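# Residue-level structural notes
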Amino acid sequence: MKAAGFSWRESYAVGGLMNARGLMILIFINIGLAQGMITQDVFSLLVLVAVVTTAGALPLYKLALPDRMERQLRTTDDTEAPLPELARIN
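Residues numbered from 1 in each chain as written. Predicted model: local features only at pLDDT ≥ 70, side-chain atom pairs only at ≥ 80, totals over all residues. Heavy atoms only, no water.

A separate point is the overall build of the protein chain. Along the protein chain, the regular secondary structure elements total 5 helices and 0 strands. Going from N to C terminus, the protein chain has its helices and strands arranged as α-α-α-α-α. For the protein chain, restricting intrachain contacts to residue pairs at least 6 apart in sequence, the fraction spanning at least 24 positions comes to 58%. As presented, the protein chain carries roughly 7300 Å² of accessible surface, and 66% of it is formed by carbon and sulfur atoms. (Helix = DSSP H or I, 4+ residues; strand = E, 2+ residues; numbered from the N terminus. Contact = heavy atoms within 4.5 Å. Areas by Shrake-Rupley, 256 points an atom, 1.4 Å probe, with all protein chains shown as cover.)

Dropping the structure here:
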């Protein structure tokens with residue numbers, strides 16, 4: 001995200017939210033367990049990892065962008081000039 005022009009705080013916030021992928025992980029590990037690719041112990045560990053990383057997503061986001069900074073970014077974005085309309089191709 002940093003390469004796309006976002007600040008370090010914004011990049012960190014997006015990275016924290018990208019950790020909220022618990023349902024996807026649970027689907028994949030259920031398939032892995034059903035196919036015998038992972039053991040019950042590994043399955044249990046991966047469920048724990050999915051729960052912890054998903055539960056930690058919002059606190060990481062709030063740590064990176066507290067409410068006051070988020071409001072400031074929103075007001076900055078709202079006051080910027082609108083993008084020009086694209087020319088129509090006939």
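This part is about the nonpolar core. Ala13, Tyr61, Ala64, Leu65 and Met69 together form the largest nonpolar core, which totals 5 residues. Look past the residues within four positions of Leu65 in its chain and what remains in contact with it is Arg9, Ala13, Glu70 and Leu73. (Core = buried A, V, L, I, M, F, W, Y, C linked by side-chain atoms within 4.5 Å. Buried < 20%, exposed > 50% of the residue type's maximum accessible area, 1.4 Å probe, protein only.)

It is at 8 Å that the axes of helix α1 (residues 8-18) and helix α4 (residues 57-64) come closest, and there the two elements cross at 175°. By the angle between their axes, α1 is roughly antiparallel relative to α4. On the side of α1, the interface is formed by Arg9, Tyr12, Ala13, Gly16 and Leu17, while α4 contributes Ala57, Leu60, Tyr61, Leu63 and Ala64. A class-by-class count of the residues in the contact of α1 with α4 yields 8 nonpolar, 1 polar and 1 charged. (Axes fitted to C-alpha atoms, helices over the stretch in contact; angles between N-to-C directions. Parallel < 35°, antiparallel > 145°, perpendicular 65-115°, else oblique. Nonpolar A, V, L, I, M, F, W, Y, C, P; charged D, E, K, R; others polar.)

What follows deals with a nonpolar patch on the surface. Residues Leu23, Met24, Ile27, Phe28 and Ile31 make up a contiguous nonpolar surface patch of about 540 Å² in total accessible area. Relative to the helices and strands, Phe28 is located in helix α2 (residues 22-34). (Patch = residues over 30% accessible without salt bridge, like charges linked within 9 Å, V, L, I, M, F, W, Y side chains within 5 Å. Salt bridge = Lys/Arg side-chain N within 4 Å of Asp/Glu carboxyl O.)

Below, the discussion takes up the environment of Ala13. Structurally, Ala13 can be placed in helix α1. C-alpha separation for the pair Ala13 and Pro66, spaced 53 residues apart in sequence, amounts to 9.9 Å. Dropping the residues within four chain positions of it, Ala13 is found in contact with Tyr61, Ala64 and Leu65.

So, on to the packing of α2 against helix α3 (residues 40-55). At their nearest, the axes of α2 and α3 sit 9 Å apart, and the two run at 175° to each other. With respect to each other, α2 and α3 are oriented roughly antiparallel. The segment α2 lies against α3, with Gly22, Ile25, Leu26, Ile29, Asn30 and Leu33 engaging Gln40, Phe43, Leu46, Val47, Ala50 and Thr54. For the contact of α2 with α3, the residue count by class is 8 nonpolar, 4 polar and no charged.

So, on to the environment of Pro59. Positionally, Pro59 belongs in helix α4. Taking relative accessible area as the criterion, Pro59 reaches 49% and is therefore assigned partly exposed. For the pair formed by Pro59 and Ala13, sequence separation is 46 residues and the distance between their alpha carbons is 9.7 Å.

This part takes up the confidence of the model for the protein chain. With 81% of its residues at a pLDDT of at least 70, the protein chain reaches an overall mean of 79. Confidence, expressed as mean pLDDT per element, reaches its minimum in the protein chain at helix α5 (residues 67-79) with 70 and its maximum at α3 with 92. (pLDDT = per-residue confidence, 0-100.)

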